[in-house]
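# Residue-level structural notes
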Amino acid sequence: MLVTLYCGNKIYRVKLPGRIQGKYWMTDDEGRAKGKKFFSIEADTDAEHWIIRKQRTIVWHNEKSEGQDFILRAGCVVRVFVTDLGEGILFTEPVTENRRIFRKYVVSDGAYVSIGRDRTNSIVYENQYVSAQHAALEYSNGKWTVRDLNSGNGTYVNRIRTEHDFDLKPGDVIEIMGLRIIVGRGLIALNDPDGEVSINDKGLRPYHRPELREREEPEPEQKEFFYRSPRFRKEIEPLKLKVDMPTQREDRNEQPILLTIGSALIMGLASFSVAILSMLNSLSQGRELLSALPTMISASAMLVGVIFIPVLLRKRERKMRAEKEGNRRDRYLKYIGRLRDEISNAGRQQKDYLLSNYPLVTQYAASEEFWKNHLWERTEGQQDFLELRLGAGNTDMEAEIQFPDDRFSVDDDIMRDELFAFQKEERLLMDVPILFSLRKDRVLGIIGEHSGVIRLLQGLLLQIILF
């Protein structure tokens, strides 16, 4: 799906893949604010829709959508307000065959081509967001001029809005709410979004290649022009994570058992000694032992309570501490596991990006789609201009992971060891294109067998020629 923003006298555009996953940004690809991000578009949690979450940088002029996430569907048009740009129109359209294929028409000198929704126009575009008399083209003395006829949603040339007569050059692209017109010398080429475009002017004659004649006769030289297809490229977004330290272990300092029960033990022994003396005194006086039995039972109970109850309490406390420590370890290991999964998912996305943007040139150039849509698609203003694929290998993934400092501690903690083992793990993208930029490094040295060096140089030259 193609998402286009008409805002601030300029067109901004991002192409979303058919598979709903990841996050993409509406950015400024040209001009002084090149690279500036305005708002993001991402997959919902079920990977069923593309959505624009509620953000401070974009506001919907729609009461039902205000303050909510906005679901993007092909063919929707909504008015928005974007921070730093102002009011504009957000327009979505599917990437269909009739949008990619351009039909050519030949015109004569002095031709006047009107464009609009009304059936009286030369080019009729039956779209409710196009004005009845939207714009006009004039071809005179081998030159094209475009004029906007006070349309509601504007006429754009090379993604810049024009409101007055504007002189065109061969290869310039006129855009009107999904309709794209490319001008050349004595001809125009236009697409047909959703089959809503029709020609209502006999002065626009379909272009036909001249047939070969049986007799060779001198023919005027036919000049053909190559029109570069618009390129929609996504960027790698570095993964940003902050890792937390494990929680502190519960204090395990225990006093020796004698220090815990020492004073009570002395009192218990004293009481037991008194009971023994009482028993001996009863025997010496000829009294029955039953008279000293209560004292003996009380002293024995005190001695048992002083010794055994603290031991049982200490055993219970140790069991509770062990359970808490096990719970702490399980929670932190699950936390580290979630971080590993997030890093792994980001690595797969970065690998998919590298494989799709830097394919094997020999295989890629063999496809018909390449010659139609990707030949010479990289321009000097793009970051990957003159960035070449040397081969395949392993490279570090783009990630900014912030770990806590490894501070000195006298206590051993297996969770700290787990954290710093996680910090030392290698985060590599396996079997991905290895790149070399001729814009950053003007000198490249290749060492190896002569035949291998020749094959590598041929591949690099082929990339420079085709991309």
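About the cut-offs
Residues numbered from 1 in each chain as written. Predicted model: local features only at pLDDT ≥ 70, side-chain atom pairs only at ≥ 80, totals over all residues. Heavy atoms only, no water. Patch = residues over 30% accessible without salt bridge, like charges linked within 9 Å, V, L, I, M, F, W, Y side chains within 5 Å. Areas by Shrake-Rupley, 256 points an atom, 1.4 Å probe, with all protein chains shown as cover. Salt bridge = Lys/Arg side-chain N within 4 Å of Asp/Glu carboxyl O. Helix = DSSP H or I, 4+ residues; strand = E, 2+ residues; numbered from the N terminus. Buried < 20%, exposed > 50% of the residue type's maximum accessible area, 1.4 Å probe, protein only. Contact = heavy atoms within 4.5 Å. Polar contact = N/O pair within 3.5 Å; in protein donor to acceptor, adjacent residues only side chain to side chain. Pairing = 2+ DSSP bridges. Axes fitted to C-alpha atoms, helices over the stretch in contact; angles between N-to-C directions. Phe/Tyr/Trp six-rings, centres within 6.5 Å; stacked < 30°, edge-to-face > 60°. Lys NZ or Arg CZ within 6 Å of the ring centre and 35° of its normal.

For the rest of this paragraph, the subject is a nonpolar patch on the surface. Together, Ile276, Leu277 and Leu280 make up a nonpolar patch on the protein surface, roughly 270 Å² of accessible area in all. Structurally, Ile276 is set in helix α2 (residues 257-284).

With that settled, the discussion passes to the environment of Arg427. Here Arg427 is to be found in the loop between α6 (414-423) and β26 (428-437). The exposure class assigned to Arg427 is buried, which follows from its relative accessible area of 16%. On a C-alpha basis, the gap between Arg427 and Glu398 in space is 9.0 Å, while along the polypeptide they are 29 residues apart. The contacts of Arg427, once residues within four sequence positions are left out, are Ile343, Thr395, Asp396, Met397, Ile401, Phe403 and Phe422. One polar contact links the side chain of Arg427 to the main-chain carbonyl oxygen of Glu425, over a distance of 2.9 Å.

With that out of the way, let us pick up the pattern of salt bridges. One pass over the full model with this rule turns up 16 salt bridges. Here Arg99 and Glu93 are joined by a salt bridge, their closest N and O atoms 2.6 Å apart. Residue classification places Arg99 among the buried positions, given a relative accessible area of 9%. What makes Glu93 buried here is its relative accessible area of 0%. Note that Arg100 and Glu97 form a salt bridge whose closest N and O atoms lie 3.0 Å from each other. With a gap of 3 residues between them, Arg100 and Glu97 both fall in helix α1 (residues 97-100), about one helical turn apart. Overall, Glu97 belongs to the partly exposed group, its relative accessible area being 46%.

Within the secondary structure, Arg378 sits in the loop between α5 (368-373) and β24 (387-396). Taking C-alpha positions, Arg378 is 9.9 Å from Ile464, a pair spaced 86 residues apart along the chain.

We now examine the sheet that holds strand β17 (residues 166-168). One open sheet holds the 6 strands; their spatial order is β17-β14-β13-β11-β12-β21, and the pairing between them is mixed. Each edge of the open sheet carries a strand with a single partner, namely β17 and β21 (197-199). Along the sheet, successive strands turn relative to each other by an average axial angle of 20°, direction set aside. Bridging between strand β11 (residues 111-116) and strand β12 (residues 123-125) involves 2 bridges; their strand directions are parallel. When the sheet's bridge partners are listed, Gly116 is paired in β12 with Val124.

Scanning the model with the defined rule gives 6 aromatic pairs in all. Ring plane angle 55° and centroid distance 5.2 Å describe the contact between Tyr6 and Tyr156, whose orientation is recorded as tilted. Taken as a pair, Tyr6 in strand β1 (residues 2-7) and Tyr156 in strand β15 (residues 155-157) lie far apart in primary sequence, 150 residues in all. Each member of the pair, Tyr6 as well as Tyr156, is classed as buried. Arranged with centres 5.7 Å apart and planes meeting at 70°, the rings of Tyr24 and Trp50 form a pair that is edge-to-face. Of the two residues, Tyr24 sits in strand β3 (residues 23-27) while Trp50 sits in strand β5 (residues 50-52), which places them 26 residues apart along the sequence. Taken individually, Tyr24 and Trp50 each receive the classification buried, so the pair is uniform in this respect. When the ring centre of Phe422 is taken as reference, the NZ or CZ atom of Arg427 above it lies at 5.0 Å.

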